[in-house]
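Here's the letter readout for the chains.
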Amino acid sequence: MYYDLIETPIGPLLVVGDADGALVQLDLPKASRPTQIDDGWKRDPKRLTKVRRQIEAYFAGDLTEFVLSLRPHGTDF
């Protein structure tokens, strides 16, 4: 897995993606159970450029819909 920390007006967002750059996880700041960065993850902002650009455009008021590849790894809930 690959990750990046993206500074936003609401605090840093942790974004986690796979080898193809698909978004696997997005962790909001001040979450009740914040995600810990796994020792096996590599910080790679270039791999997550598409995610970063859309998040930055959203906070700039230029984007209202995201178009991203998603591969969430969660529970059946």
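Within every chain, residues take consecutive numbers counted from 1 along the sequence as written. A pLDDT threshold of at least 70 governs which residues receive local features in this predicted model, and a stricter bar of 80 or more applies before side-chain atom pairs are shown or counted, although totals over entire chains, interfaces and linings include all residues. The basis for every side-chain value is the complete set of non-hydrogen atoms in the structure, without hydrogens or water.

Considering the packing of aromatic side chains
Line of reasoning, step 1. In summary, the pairing rule links any two rings of Phe, Tyr or Trp, Trp by its six-membered ring, whose centres are within 6.5 Å, and it sorts them by plane angle into stacked for under 30 degrees, edge-to-face for over 60 and tilted for everything else. For the structure on display, the rule yields three aromatic pairs.
Line of reasoning, step 2. Judged by centre distance (5.2 Å) and plane angle (80°), the rings of Y58 and F59 are edge-to-face.
Line of reasoning, step 3. Each ring, one from Y58 and one from F66, has its centre 5.6 Å from the other, and the planes form 40°; the classification is tilted.
Line of reasoning, step 4. Whether a residue is buried, partly exposed or exposed follows from its accessible area with a 1.4 Å probe, protein chains only, as a fraction of its type maximum: under 20%, in between, or over 50%, in that order. Judged by its relative accessible area of 40%, Y58 falls in the partly exposed class.
Line of reasoning, step 5. With relative accessibility at 41%, the residue F66 sits in the partly exposed group.
Line of reasoning, step 6. Among the aromatic side chains, those forming a connected cluster through ring pairs are Y58, F59 and F66.
Line of reasoning, step 7. Its guanidinium or amino end placed over the ring of Y2, R47 lies 3.9 Å from that ring's centre, counting from NZ or CZ. In this analysis the charged atom, NZ for Lys or CZ for Arg, is taken to sit over a ring once it is within 6 Å of the ring centre and within 35 degrees of the ring normal.

Examining helix α1 (residues 49-59)
Line of reasoning, step 1. Put simply, DSSP H or I for four residues or longer makes a helix, DSSP E for two residues or longer makes a strand, and each gets a number counted from the N terminus. Along α1, the residues that are buried comprise V51, Q54 and I55. Down the axis of α1, the buried set is contained in an arc of 100°. They therefore lie on one face.
Line of reasoning, step 2. Backbone geometry just after α1 places G61 at a positive phi near 85°. The arc in question is the one spanned by the directions pointing from the helix axis to the C-beta atoms.

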